[in-house]
Amino acid sequence: MVKEKKKADKKVDKSARSPSSPSDYPEFAKQDGNAARQDASPSAAPPLDVQLKDPGVKREVKSNSLPNEDTTQYEEPVLTKLIVESYEGEKVRGLYEGEGFAIFQGGCTYQGMFSEGLMHGPGTYIWADGLKYEGDFVKNIPMNHGVFTWPDGSTYEGEVVNGKRHGFGMFKCSTQPVSYIGHWCHGKRHGKGSIYYNQEGTSWYEGDWKHNIRDGWGIRCYKSGNIYEGQWENNMRHGEGRMRWLTTNEEYTGQWEHGVQVEYAILRNITELRRIYNFYSSLGCDRSLDNTFLMTKLHFWRFLKDCKFHHHNITLADMDRVLGANNDIPVEEIHSPFTTLLLRTFLNYLLQLAYHIHHKEYQDRSPSLFLCFKKLMNENILPNACRVKGHLFCEAQRTLYSMTYVDKCWEIYTAHCRPNAAPPHELTMNMRHFLWMLRNFKMINKELTATKFVEVIAEDNPSMYDGIDSNFELELVFLEFFEALLSFALISVPEPATKFCSDFPNDDLSVNKAGSTYPVTAQNTQNRSPSALTSQESDIQFSSTKSSSSKLGVLLDMSKIRKSEPQIKKSLSDGRTSKVNFKSAGKGLTFLLSQNGKKEKSKDEQKEKFNTWISNMYVFFVNTLFQAHKHEETVKEKVKENRLYNEAMALQRKMENEELEARLNSLREEEAKRQDYEVDITVIKEPVDAPSSNFTPSPPKEDTVVPSKSMTSKKKKK
């Protein structure tokens, strides 16, 4: 018996050290007793989500972390050193076979089926500290289906692989009302699963897990009834998600970062941001009944420049590319000035730009997006917003008139853009292309020099000129292009060219059917050249075809300016009569009337300046820029026609040459065949007895003819 027992112990010991034993797997590195004590310790309770009170928005945001998540893990112990101290049961050829009961060294016990000295089949294994496994064994390894019962009463029932919870199973904690049903991987929650945090089932999570951590997409229902549905990362709300606070009847849909709703920073400044949005969206627009307007990309660019976003070593064109890549904007619309932005789009763009500009400063701090937006808000937006700069939106009347040239200028801008070298290879214009365009239009002159050109562009662009060098590779969006043209109009138009329309009457502005305006200078047509008249007609044609108000939402109703002029006349006449009627009332009244006269004079001066400005714009855009562009397009069309004509002629000449060459080839072939035929005939008529090499034979015909003549002559002599 002693020998059989020793042999059996050696056999069991060898089987425990065989490659199929649990000790050869890295997850079975711990000793059974120590592992069981560590996993069943009170500090190692099952993972649970700490339920915090969430009466409002702020508290729910802060109560997302789970401090006990990493310290409350249950693990399965390892079957190692299976040294049998005693055995009761059947044996075959000295090996444990059939049903039996074994006590192992260390106090662990097993009762169940054996096969060839190994635990194989259904059985129950109890560790020394009380952890119990009931289920199937395969060669000393818990496999297939089983039930783990920890000393505190917590249980797991489901699939088991290599002694670990692996597959589908359910876990119930006895110390806390926590239960999980779903998929497992190597003893950890992994895959799809649902966990309940109370017995009532009102607090739960259902979704994706990665190694005991909520990661992926999932739904979290809190005890208060508040529900979050969206993306998770490292047990925290992170990514796109929606939170509904039923207690306060609030809802938030958007980006989250490490448990903090990204737009929470925006919500703190939502009143100011809404005011900024309404202010910029109304620039260049007439008043509406409800005073609600949609912001366009043109307004958004002006807002970015006013708030000095482009001072962070990033151009407006770069910002367009960042927003286009993050929001899947079509390539042809990345730099379009006519794109409309809703309020939520405006806020989302601000968040994305804030992160792009400041993310390197806060990459090691959390929540980084919240900090990035907070800094941008405090340093750029609040101090500078609603302080409009530039030449387009500086004054309402000038803005309304300038908008009439937007469509045609956009056409010119796109005609001179070139594909960007970097993806997505959209059409852009840089400083060099802009300067080349003006040079081709012959608009660079003694008034508008290259130096003036650089000064205008660099007026509010630190990346253009540093005092020594100029950056001609700097990209320009349409707003910068158009405002530069407005500045060039005041520089390049000489003073005599504007005198013909400096004294406009009250009907100096005419309104077409589309709502666009253009100056009428019929009273001065006798002093203008025919080319100027034709240019005016062309301007009327293009302005009447398509108005920029349809794209920008700008209601260009300049008739109000005309309506206000009779009131000005009436006030002037009233001022004169009052001065006459009350002249004897005293010096005080005379002084007031003189002040009114000064105000009227200043109004007249302002009107005169405005008319002069309109004439400058008209001469620059209609008579110079648009005519130059039209001439260039005409030249391009002629060049294109000439190129097509030359290509057609070249093709025709090629076809004729090919046809002539084919004929020549056919003639050559016929000539070659004829020569070959004659040579063949000559070879056939040669005599059989060839003469010596030094003798040149005569043709056969001559040989036959000569003898005949000699014979006839002999006959005649006879």
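Not measured: the values here are computed from a predicted model.

This part is about the overall build of the chain. Counting its regular elements, the chain contains 19 helices and 23 strands. Burial statistics for the chain: of 718 residues in total, 43% are counted as buried. Once local pairs closer than 6 in sequence are excluded, the contacts in the chain between residues at least 24 apart make up 48%. Put simply, the chain shows about 39600 Å² of open surface, and 53% of that area lies on carbon and sulfur atoms.

Counting residues in each nonpolar core, the largest one holds 129 residues, and the members touching the most others are Phe 300, Phe 303, Phe 309, Phe 434 and Phe 621. Not counting chain neighbours up to four residues away, the residues in contact with Phe 300 comprise Met 295, Leu 323, Leu 341, Phe 346, Tyr 349, Leu 350 and Leu 353.

Here Ser 487 shows up in helix α14 (residues 478–492). Judged by relative accessible area, which is 8%, Ser 487 ranks as buried. Excluding residues within four positions of it along the chain, Ser 487 makes contact with His 391 and Val 456.

Turning our attention to the packing of helix α13 (residues 450–457) against α14. Two numbers describe how α13 lies on α14: the axes approach to 10 Å, and their chain directions differ by 135 degrees. Between α13 and α14, the interaxial angle falls into the category oblique. Here α13 runs over α14; the crossing is right-handed. Residues Phe 453, Val 456 and Ile 457 of α13 form the contact with α14, whose own contacting residues are Ala 484, Ser 487, Phe 488 and Ile 491. Across the contact of α13 with α14, the residue classes break down as 6 nonpolar, 1 polar and no charged.

So, about the packing of aromatic side chains. This model, assessed by the stated rule, comprises 46 aromatic pairs. One cation-aromatic arrangement involves Arg 165 over Tyr 156; the distance from NZ or CZ to the ring centre is 5.7 Å. The positively charged end of Arg 189 is found above the aromatic ring belonging to Tyr 180, 5.6 Å away from the centroid.

With the rule as written, the count across this model stands at 19 salt bridges. In this structure, the salt-bridge partner of Lys 192 is Asp 208, at a minimum N-O distance of 2.6 Å. With a gap of 16 residues between them, Lys 192 in strand β10 (residues 188–196) and Asp 208 in strand β11 (residues 204–210) connect regions that are remote in the sequence. Asp 208 sits in the buried class, given a relative accessible area of 17%. The partner of Arg 275 in a salt bridge is Glu 272, with the nearest N and O atoms 2.5 Å apart.

Moving on, we get to the sheet that holds strand β21 (residues 475–476). Taken in spatial order, the 3 strands line up as β19-β20-β21 in an open sheet, and their pairing is antiparallel. Both outer strands of the open sheet, β19 (418–419) and β21, are each paired with one neighbouring strand and no more. One ladder, built from 2 bridges, connects strand β20 (residues 427–430) with β21; its direction is antiparallel. Considered in β21, the bridge of Met 429 is made with Leu 476.

In the segment running from Pro 423 into Pro 424, the intervening peptide bond is cis, with an omega of 5 degrees. Structurally, the position occupied by Pro 424 is in the loop between β19 and β20. For Asn 234, which is not a glycine, the phi torsion comes out positive at approximately 55 degrees. Position of Asn 234 relative to the elements: it lies in the loop between β13 (227–233) and β14 (236–245). Asn 234 gets classed as partly exposed once you look at its relative accessible area, which sits at 48%.

Our focus in this paragraph is helix α12 (residues 431–440). An α-helical turn contains 3.6 residues, so a residue and the one three or four places further along point in the same direction. Every buried residue of α12 is listed here: Met 431, His 433, Phe 434, Leu 435, Met 437 and Leu 438. Buried residues along α12 sit against α11 (406–415), β19, β20, α13, β21 and α14. Positioned one or two residues after α12, Lys 442 has a phi angle of 60 degrees, which is positive.

Where β14 lies against strand β15 (residues 250–257), 7 bridges are found, and the strand directions are antiparallel. The residue bridging Arg 244 from the neighbouring strand is Glu 251, located in β15. Linking two consecutive strands that pair antiparallel, namely β14 and β15, is a turn of 4 residues; a positive phi of about 55 degrees is found at Asn 249 within it.

Mean pLDDT over the chain stands at 74; residues scoring 70 or higher make up 69%. A low-confidence stretch, residues 1–72 (pLDDT under 50), is modelled with 146 contacts involving residues beyond four sequence positions or located in other chains. Note on residues 690–698: pLDDT under 50 across the span, and 2 contacts to partners over four residues away in sequence or across chains.

Moving on: the packing of α12 against α14. For any two helices packed against each other, one specifies the inter-axial angle together with the distance between the axes. It is at 12 Å that the axes of α12 and α14 come closest, and there the two elements cross at 40 degrees. By the angle class used here, α12 and α14 are oblique. Our pair here, α12 against α14, has a crossing hand that is right-handed. Only Phe 481, Ala 484, Leu 485 and Phe 488 of α14 make contact with α12, whose side of the interface consists of Phe 434, Met 437 and Leu 438. Taken together, the residues of the contact of α12 with α14 sort by class into 7 nonpolar, no polar and no charged.

The next subject is the environment of Ile 444. Structurally, Ile 444 is set in the loop between α12 and α13. For the pair formed by Ile 444 and Ser 492, sequence separation is 48 residues and the distance between their alpha carbons is 8.4 Å. Once you skip the residues sitting within four places of it in the chain, Ile 444 turns out to touch Leu 435, Leu 438, Arg 439, Thr 449 and Ala 450.

Let us look at the pairing of strand β12 (residues 213–221). Bridge count for β11 against β12 is 6 bridges, and the pairing is antiparallel. Along β12, the bridge assignment pairs Gly 207 with Gly 218. Where β12 meets β13, 6 bridges bridge the pair, whose relative direction is antiparallel. Its bridge partner being in β13, Arg 220 is matched across the sheet by Tyr 228.

Locating Trp 410 in the fold gives a position in helix α11. C-alpha separation for the pair Trp 410 and Phe 481, spaced 71 residues apart in sequence, amounts to 9.2 Å. Among residues more than four places away in sequence, those in contact with Trp 410 are His 335, Ser 336, Pro 337, Phe 338 and Phe 478.

For the rest of this paragraph, the subject is α13. Residues Phe 453, Val 454, Val 456 and Ile 457 constitute the buried set of α13. One side of α13 carries all its buried residues, which in axial view fall inside an arc of 160 degrees. Residues of α13 that are buried sit in contact with α12, β21 and α14.

Right, let's get into the side chain of Ser 336. Inspection of the secondary structure puts Ser 336 in the loop between α7 (316–327) and β18 (340–341). Ser 336 gets classed as buried once you look at its relative accessible area, which sits at 12%. Non-local contacts of Ser 336, meaning those with residues more than four positions away in its chain, are made with Lys 297, Trp 301 and Trp 410.

What follows deals with the environment of Leu 246. In this structure, Leu 246 sits in the loop between β14 and β15. In this structure the C-alpha to C-alpha distance between Leu 246 and Gly 225, which are 21 residues apart in sequence, comes to 6.2 Å. Contacts of Leu 246, omitting those with residues within four sequence positions, involve Gly 225 and Asn 226.

Rules used throughout
- Here the residue numbers are simple positions, counted from 1 along each chain's written sequence.
- The predicted origin of the model limits local features to residues at a pLDDT of at least 70 and limits the giving and counting of side-chain atom pairs to 80 or more, whereas totals for whole chains, interfaces and linings rest on all residues.
- Side-chain calculation: all heavy atoms of the structure are included, whereas hydrogens and water are not.
- In this text, helices come from DSSP runs of H or I with a minimum length of four residues, and strands from runs of E with a minimum of two, each type numbered from the N-terminal end.
- Three labels apply to residues, based on accessible area from a 1.4 Å probe with only protein chains included: buried if under 20% of the type maximum, exposed if over 50%, partly exposed otherwise in between.
- Two residues qualify as a contact provided that any one of their heavy atoms is within 4.5 Å of a heavy atom in the partner residue.
- Reported accessibility uses the Shrake-Rupley method at a 1.4 Å probe radius. Residues are deemed covered only where the shown protein chains occlude them.
- To form a nonpolar core, buried Ala, Val, Leu, Ile, Met, Phe, Trp, Tyr and Cys residues must be joined to one another through side-chain atoms within 4.5 Å.
- For helices, the axis comes from a line fit to the C-alpha atoms of the stretch in contact; other axes are also lines fit to C-alpha atoms, and the angle between any two N-to-C directions lies between 0 and 180 degrees.
- In what follows, roughly perpendicular refers to angles from 65 to 115 degrees, roughly parallel to angles under 35, roughly antiparallel to angles over 145, and oblique to any angle outside these ranges.
- By convention the crossing between two helices is left-handed if the near helix lies anticlockwise of the far one by an angle smaller than a right angle, and right-handed if it lies clockwise.
- Gly falls in the polar group here, along with every residue not listed as nonpolar (Ala, Val, Leu, Ile, Met, Phe, Trp, Tyr, Cys, Pro) or charged (Asp, Glu, Lys, Arg).
- Under the pairing criterion, centres of Phe, Tyr and Trp rings, with the six-membered ring standing for Trp, must be within 6.5 Å; the plane angle then separates stacked pairs below 30 degrees from edge-to-face pairs above 60, leaving the rest tilted.
- Placement of a positive charge over a ring is assigned whenever Lys NZ or Arg CZ falls within 6 Å of the ring centre and within 35 degrees of the normal to the ring plane.
- What counts as a salt bridge is simple: a side-chain nitrogen of Lys or Arg found within 4 Å of a carboxyl oxygen of Asp or Glu.
- Two strands qualify as a pair provided that DSSP identifies no fewer than 2 bridges between them.
- Residue-level confidence of the predictor is summarised by pLDDT, bounded by 0 at the bottom and 100 at the top.
- By definition, the arc is the one covered by directions from the helix axis to the C-beta atoms.

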